[in-house]
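# A closer look at the structure
Chain by chain, the residues run as shown.
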Amino acid sequence: MKVLICGGGISGLIGGIVMARNPNISVEIYEAAPEFLPIGAGIGIWIRVWDLLAKLGLSDDLRSKTASATTPDPIDALIFRKSDQPEGVEFYTLVTNGPFITFHRHDFQQTLIQHLPSSCKMHHSKRLSTYTSLPNGKIRAYFEDGTQVTCDLLIGADGIRSTVRDTMLREKAAKHADVGNFEDAYQTLVANQPLWSGTMCYRGLIPMEKVKADIEKGNLTLEECHIQHMGKNANLIVYPIANGSMINFAAFYHQPDKVGSVFEGPWVQNVPKEELQAAYAGWEPSVQKWMKFIENPSRWAIHTIRPLDTYVADGVALIGDAAHAMVPHQGSGAGQGIEDAYFIATLLSNPAVTVRDIPKVLAVYDAVRRPFALDVCRRSHLNGSYYTMNNPDFKYRLAETQAGTPEQEKILKELGVAIKNNWEWAWTVPFDDNMEAGLVMLKRMMNNVGEQSAVVQDNGFVSAVL
Ligand SMILES: Cc1cc2nc3c(=O)[nH]c(=O)nc-3n(C[C@H](O)[C@H](O)[C@H](O)COP(=O)(O)OP(=O)(O)OC[C@H]3O[C@@H](n4cnc5c(N)ncnc54)[C@H](O)[C@@H]3O)c2cc1C
């Protein structure tokens, strides 16, 4: 079986690592960038994703790149503070099983590259321009440099502006239009357009050296690296990366009236520090303290992909951000891409699966992973509404109370519990249950037991409906 992975980001690399271990699969990665530069900010993963990386034998190398613990013991992972006032209030401690394990993104990606088996070649400077389905069921990929490659399965791991998704959805829209179904054709094309979430993220890296003097003087403590500062329309989080040698700074600013509008200008841009400071004017001193370390914040307009009604087409599958780019408020976008890649690669590794069974594998992938990933997208949006005090369950009640009163304290505590309930799937539900549902479904499909579907329960567990 010949598999072509388009995109060598985190999702594509995991696909390469797992598939290349299967002697029946020949897999190659085609990546648009000429090389991966040591730029970027922090990234974190939860224990369910860590367990999966450990299964792949990556844990020792990854552990050497992080100062985070990697065991599932209960830990005070984050302290929530209401910070949009002169004196902030701490209102909740989020206890998780294992911490949010944090890395410099480049260290993380390089570790994956080092674990890519030599049989999985990564081709750089190869930008996919489109693909076509051939009459024999194979897929032909066309690159901007004029070259072509034919494969049995094309995996679109090419991020939020995915060319694979673009081609897939244009083909689907054309099929709808051919039978006069113009509304569905239109909706299919609309779904292809990334949507601005109305949120900006101001990002920067602070060398630990720079904060040392403040720590020594007692102006700052490392515990402050584990605070989620929240307030009206904004939230800020900092955490250590690169083995504790740097601090990742991410300050969000949300404009509710801009949700779903078109963002004019580049999605990522360096901006004057004053813009960041204006978003946090009047916030408590412990927030202002972090601002002083940021010289040139980069401003990211956070975009998402609307829920798609499928992640697959004949011989093609979308994984990671190409399928479900989400707001980053659960620290789970890359984690979901890793799970997608691992899931598909594991199904393909079933010794009974041949090229002929690719449609079954893709049907199972779509049935199990799509509802799950969409649920994580929904939960990420919900966390964002909680962090920025925009959630209607809390917004109006909070507005009616005074800072520091027992009434406000009570509502804030409820807010903390709501965030925990919305997020705890990430450290309580193992990925294995997704995988098992998929393997059971595939086995039954291979035995022609008919159509299958999956259900994501309220607590995040997935079960196959047989
Ligand atoms: C502010 C912020 C913070 C985040 N924090 C976290 C976090 O803590 N934890 C977490 O799990 N997630 C986090 N995320 C989400 C995470 O960054 C993404 O979900 C993840 O990087 C997606 O990986 P991917 O491999 O699917 O896509 P990408 O990383 O976008 O990789 C796509 C690759 O495809 C290549 N490519 C694109 N087009 C083509 C083409 N036509 N042909 C060939 N190659 C192509 C690109 O060059 C790129 O290398 C965060 C996101 C943001 C914005």
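The protein chain has the name Salicylate 1-monooxygenase in an unreviewed UniProt entry, where Coprinopsis marcescibilis is given as its organism.

### Quick word on unusual backbone geometry
Its identity is not glycine, yet S125 carries a phi of approximately 55 degrees, on the positive side. Of note, S125 is situated in the loop between β7 (122–123) and β8 (128–133).

### Comments concerning the packing of aromatic side chains
With the rule as written, the count across this model stands at 18 aromatic pairs. Seen in terms of ring centroids, W46 and W427 are 4.9 Å apart; in terms of plane orientation they differ by 45 degrees. Their pairing is tilted. Placement of the pair is W46 in the loop between β3 (42–45) and α2 (47–55) and W427 in helix α15 (residues 425–428), with a sequence separation of 381 residues. Side by side, W46 and W427 carry an identical accessibility label, which is buried. Ring centres of F80 and Y92 lie 5.9 Å apart, and the angle between their planes is 25 degrees; on these two criteria the pair is classed as stacked. Taken together, the residues F80 in strand β4 (residues 74–82) and Y92 in strand β5 (residues 89–97) connect sequence positions 12 residues apart. Across the pair, Y92 and F80 agree in class, each one buried. Through a chain of ring-to-ring contacts, three or more aromatic side chains come together here, namely W46, F100, Y239, Y387, W423 and W427.

### What to know about the side chain of R299
Note that R299 resides in strand β17 (residues 298–304). R299 sits in the buried class, given a relative accessible area of 14%. A distance of 2.9 Å separates a polar atom in the side chain of R299 from a polar atom in the side chain of E275. When near neighbours in sequence (up to four residues on either side) are disregarded, R299 contacts M200, C201, Y202, F263, W267, V268, Q269, V271 and E275.

### Things to note about the UniProt feature "domain: FAD-binding" (unreviewed entry) in the protein chain
Those places that UniProt annotates as "domain: FAD-binding" (unreviewed entry) correspond, in this numbering, to residues 2–168 and 298–379. This span, residues 2–168, is 24% helix and 34% strand, and a straight line between its end C-alpha atoms measures 19 Å. Across residues 298–379 one finds 51% helix and 15% strand; the C-alpha atoms that close the span lie 26 Å apart.

### Some words on the packing of α2 against helix α11 (residues 333–348)
The contact between α2 and α11 brings their axes to 10 Å, and the two run at 40 degrees. As judged from the angle between their axes, α2 and α11 are oblique. Between α2 and α11 lies a crossing whose hand is left-handed. Counting all contacts with α2, which are made through R48, V49, L52, L53 and K55, the residues of α11 involved are G335, I338, E339 and Y342.

### Some remarks on the nonpolar core
Nonpolar side chains tend toward joint burial in soluble globular proteins. Formed by 145 residues in total, the largest nonpolar core has its most connected members in F108, F249, Y280, W290 and W423. In terms of residue count, the dominant contributor to this core is helix α12 (residues 358–387) (13 residues). Two domains each put at least three residues into this core: domain 1 (2–68 + 103–193 + 309–381) and domain 2 (74–102 + 195–304 + 388–418). Setting aside residues no more than four positions away along its own chain, Y280 makes contact with A234, N235, L236, A251, F252, V287, Q288 and M291.

### A closer look at helix α16 (residues 432–446)
It helps to recall that an α-helix has 3.6 residues per turn; residues three or four apart then point in one direction. When the terminal C-alpha atoms of α16 are compared, their 21 Å separation across 15 residues agrees well with the 21 Å that a helix rising 1.5 Å per residue should span. Residues of α16 that are buried: D433, N434, M435, A437, G438, M441, L442 and M445. Of the residues one or two after α16, N448 is the one with positive phi, at around 55 degrees.

### Description of the sheet that holds β7
The mixed open sheet is built from 6 strands, whose spatial order is β7-β2-β1-β11-β19-β18. Edge positions in the sheet fall to β7 and β18 (312–313), since each has one partner strand and no second. Sheet analysis places strand β11 (residues 153–156) next to strand β19 (residues 316–318), joined by 3 bridges and oriented parallel. Pairing of L154 across the sheet is with V316, part of β19. Running at roughly 160 degrees to strand β2 (residues 26–30), helix α1 (residues 10–19) makes contact with β1 (2–6), β2, β7 and β11 of the sheet.

### Describing the pairing of strand β15 (residues 246–254)
When you tally the buried positions in β15, you get 7 out of 9 residues, the bulk of the element. With 9 bridges joining them, strand β12 (residues 195–207) and β15 adopt antiparallel strand pairing. Paired with T199 across the two strands is H254, which belongs to β15. Sheet analysis places strand β14 (residues 234–241) next to β15, joined by 8 bridges and oriented antiparallel. The residue of β15 that forms the bridge with N235 is F252.

### Focus on the site of the ligand
Taken together, 31 residues sit near the ligand, with S11, E31, G44, R105 and D321 positioned nearest. Contact distances for the ligand include 2.6 Å between an oxygen atom and a side-chain N or O atom of E31. The backbone of G335 places a nitrogen or oxygen atom 3.1 Å from an oxygen atom of the ligand. Look at the ligand: alone it shows 1000 Å² of surface, and the protein chains cover 84% of it.

### Section: helix α7 (residues 208–216)
Inspection of α7 places M208, V211 and D214 among the buried residues, and these make up the whole buried set. Angular distribution of buried residues about the axis of α7 spans 110 degrees; they occupy a single face of the element. Across α7 from its buried face, at more than 90 degrees, point the exposed residues E209 and E216. Here the buried face of α7 lies against β12, β14, β15 and α9 (285–291).

### Focus on the sheet that holds β8
Strands sit in the order β8-β9-β10 across an open sheet of 3 strands; the sheet is antiparallel. For this open sheet the edge positions go to β8 and β10 (148–151), each flanked by a neighbour on one side alone. The sheet shows a mean angle of 20 degrees between the axes of neighbouring strands, direction not considered. Pairing between β8 and strand β9 (residues 139–143): 5 bridges, direction antiparallel. For Y131, the partnering residue across the bridge sits in β9 and is A141.

Analysis parameters
Residues numbered from 1 in each chain as written. Predicted model: local features only at pLDDT ≥ 70, side-chain atom pairs only at ≥ 80, totals over all residues. Heavy atoms only, no water. Helix = DSSP H or I, 4+ residues; strand = E, 2+ residues; numbered from the N terminus. Phe/Tyr/Trp six-rings, centres within 6.5 Å; stacked < 30°, edge-to-face > 60°. Buried < 20%, exposed > 50% of the residue type's maximum accessible area, 1.4 Å probe, protein only. Polar contact = N/O pair within 3.5 Å; in protein donor to acceptor, adjacent residues only side chain to side chain. Contact = heavy atoms within 4.5 Å. UniProt positions renumbered as here; feature names shortened; annotations may be inferred. Axes fitted to C-alpha atoms, helices over the stretch in contact; angles between N-to-C directions. Parallel < 35°, antiparallel > 145°, perpendicular 65-115°, else oblique. Left-handed = near helix turned anticlockwise from the far one by under 90°. Core = buried A, V, L, I, M, F, W, Y, C linked by side-chain atoms within 4.5 Å. Domains from an automatic or database assignment. Expected span 1.5 Å × (residues − 1). Pairing = 2+ DSSP bridges. Near = heavy atom within 4 Å. Areas by Shrake-Rupley, 256 points an atom, 1.4 Å probe, with all protein chains shown as cover. Arc of directions from axis to C-beta.

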